[in-house]
Amino acid sequence: MGSDFVGIRGAVRAGRYSRSTRLEVAIGGYCGKRIIDLGSGTGQFAAEFAYRGAEVTCIDVSATYLSMVRQRMNNMGVMAHLVTGYMDHVTRLTDGAFDAAFCHVSWYYCMNDLTFAKRIVAALRPGGVALIRANIDAFEVARSPIRSLSYWLNQHMFLKIGHPHPPRGRIAFAFRRLGATEISTNYDDPLVDVVLARKLPS
Ligand SMILES: C[S@@+](CC[C@H](N)C(=O)[O-])C[C@H]1O[C@@H](n2cnc3c(N)ncnc32)[C@H](O)[C@@H]1O
C-alpha cells in the first residue's frame, strides 16, 4: 500500500480500494462488466467501478443520495444508471444480466435475508459474482426490548421488522441454501460478514 493512504481518510480510501480490487479480481477486470450497487448511498464504490471501466447501475431508495451519485460521477467524468427504488426489487431490472452485484453495509435494509439472496442470484448471469459486506448483529449490542425482539424474530423466524443486522453466517447461509453458488467468506472482523458468492453455470 503506497503513501497515498495516510490517516483516517487514507484508511477509508484504502478500504474502498481493497474492496473494489477484490471484486475486480473476482470478475476478471471491470472493463465492460455490468455491476449493480445495491443500496449504493452516495456512490463512492460505484464511481470507482465506473472509473475502472464498468457499466454501473446504482439502486437506492434515496433520490437525494442518487443525485449525489450523479454529481460524483459527473465530477469524475463517468456515468451510471440510477434507479430509485428498493434493492429487493433488483429482479425487476434484469433476468440475469449482471456480472456482479455489490452490497456494502446495506444488507440489513433488505426485506428478508433469504429472498434477497435469491433475488441477487437471479439478477446475476451464470458465473457472475455477488460481493456482500455487512455489519452483523454484534454491531448493535445496546438494544431496547423492542429491538431485541426484532433481532430474535430475524434470527429464529427469518422475519424482519426494523432492519436488524443479520446474525453471523446468515448471509452465507442464505446463498448456500440456494445450491446455485460457490461461496467464500471472511469473518476476520468480529462485527462484519464478508461473503463472495459466485453463481454456478446452470
Ligand atoms: C449504510 S448506507 C450504505 C451506502 C453505501 N453502500 C456505502 O457503503 O457507503 C445504506 C444505504 O441503503 C439505502 N437503502 C435503505 N433501504 C434501502 C432499500 N430498501 N433499497 C435500496 N436502498 C436502501 C440508504 O438510502 C443508504 O444509501
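Residues numbered from 1 in each chain as written. Predicted model: local features only at pLDDT ≥ 70, side-chain atom pairs only at ≥ 80, totals over all residues.

Topic: the sheet that holds strand 2 (residues 55–60)
If you walk across this open sheet you meet the 7 strands as 3-2-1-4-5-7-6, and the pairing is mixed. Where the open sheet ends on each side, the last strands, each with one partner, are strand 3 (80–84) and strand 6 (181–186). If you compare each strand with its neighbour and ignore which way they point, the axes differ by 15° on average. Bridge count between strand 1 (residues 34–38) and strand 4 (residues 98–104): 3 bridges; the pairing is parallel. Paired with Asp37 across the two strands is Phe102, which belongs to strand 4. Against the sheet, helix 1 (residues 7–26) contacts strand 4, strand 5 (124–135) and strand 7 (192–199), and its axis sits at roughly 160° relative to strand 5. Taken strand by strand, helix 2 (residues 44–51) contacts strand 1, strand 2, strand 3 and strand 4, and its axis lies near 170° from that of strand 2. (Pairing = 2+ DSSP bridges. Helix = DSSP H or I, 4+ residues; strand = E, 2+ residues; numbered from the N terminus. Axes fitted to C-alpha atoms, helices over the stretch in contact; angles between N-to-C directions. Contact = placed C-beta atoms within 7 Å.)

Concerning the site of the ligand
Lining the immediate surroundings of the ligand are 14 residues, of which Gly39, Gly41, Met87, His104 and Tyr109 lie closest. Of the residues belonging to the shell around the ligand, the class tally is 7 nonpolar, 6 polar and 1 charged. (Near = placed C-beta within 6 Å. Nonpolar A, V, L, I, M, F, W, Y, C, P; charged D, E, K, R; others polar.)

Section: helix 5 (residues 145–157)
Given a rise of 1.5 Å per residue, 13 residues ought to cover 18 Å, and the 17 Å separating the end C-alpha atoms of helix 5 matches this to within 8%. The first or second residue beyond helix 5 is Phe158, which carries a positive phi of 60°. (Expected span 1.5 Å × (residues − 1).)

Focus on helix 4 (residues 113–123)
When we look at burial in helix 4, the residues that qualify are Asp113, Phe116, Ala117, Arg119, Ile120, Val121 and Ala123. The inward-facing, buried residues of helix 4 abut strand 1, strand 4, strand 5, helix 6 (170–176), strand 6 and strand 7. (Buried ≥ 20, exposed ≤ 12 C-beta atoms within 10 Å, placed from the backbone.)

Comments concerning the packing of helix 2 against helix 3 (residues 63–76)
Axes are the key here: two packed helices are described by the angle between their axes and the distance separating the axes. Relative orientation of the contacting elements helix 2 and helix 3 amounts to 35°, with a least axis distance of 10 Å. For the pair helix 2 and helix 3, the sense of crossing is right-handed. Of the residues in helix 3, those touching helix 2 at Ala46, Ala47, Ala50 and Tyr51 are Val69, Arg72, Met73 and Met76. (Left-handed = near helix turned anticlockwise from the far one by under 90°.)

Some thoughts on the nonpolar core
Nonpolar side chains tend to gather and get buried jointly when the protein is soluble and globular. In terms of nonpolar packing, the biggest core is built from 49 residues, with Ala46, Ala100, Ala101, Phe102 and Ile120 touching the most fellow members. Per-element accounting of this core gives the leading share, 6 residues, to strand 5. Excluding residues within four positions of it along the chain, Ala101 makes contact with Ile36, Leu38, Ile120, Ala123, Leu124 and Ala130. (Core = buried A, V, L, I, M, F, W, Y, C linked by C-beta atoms within 7 Å.)

Section: the pairing of strand 4
Within strand 4, 7 of the 7 residues are buried, leaving the element largely enclosed by the surrounding structure. Pairing analysis gives 6 bridges linking strand 4 to strand 5, with the strands arranged parallel. Across the sheet, the residue bridging to Ala101 is Ala130, located in strand 5. Regarding the hand of the β-α-β motif, the stretch spanning strand 4, helix 4 and strand 5 is right-handed. (Right-handed = clockwise from strand over helix to strand, strands pointing away.)

Some thoughts on the pairing of strand 7
Within strand 7, 6 of the 8 residues are buried, leaving the element largely enclosed by the surrounding structure. Taken together, the 7 bridges between strand 5 and strand 7 define a ladder with antiparallel strand orientation. Note on strand 7: the bridge partner recorded for Ile132 is Val195. Pairing of strand 6 with strand 7 involves 6 bridges; the strand directions are antiparallel. Paired with Glu182 across the strands is Arg198, a residue of strand 7. Here strand 6 folds back onto strand 7 in antiparallel fashion, the turn holding 5 residues.

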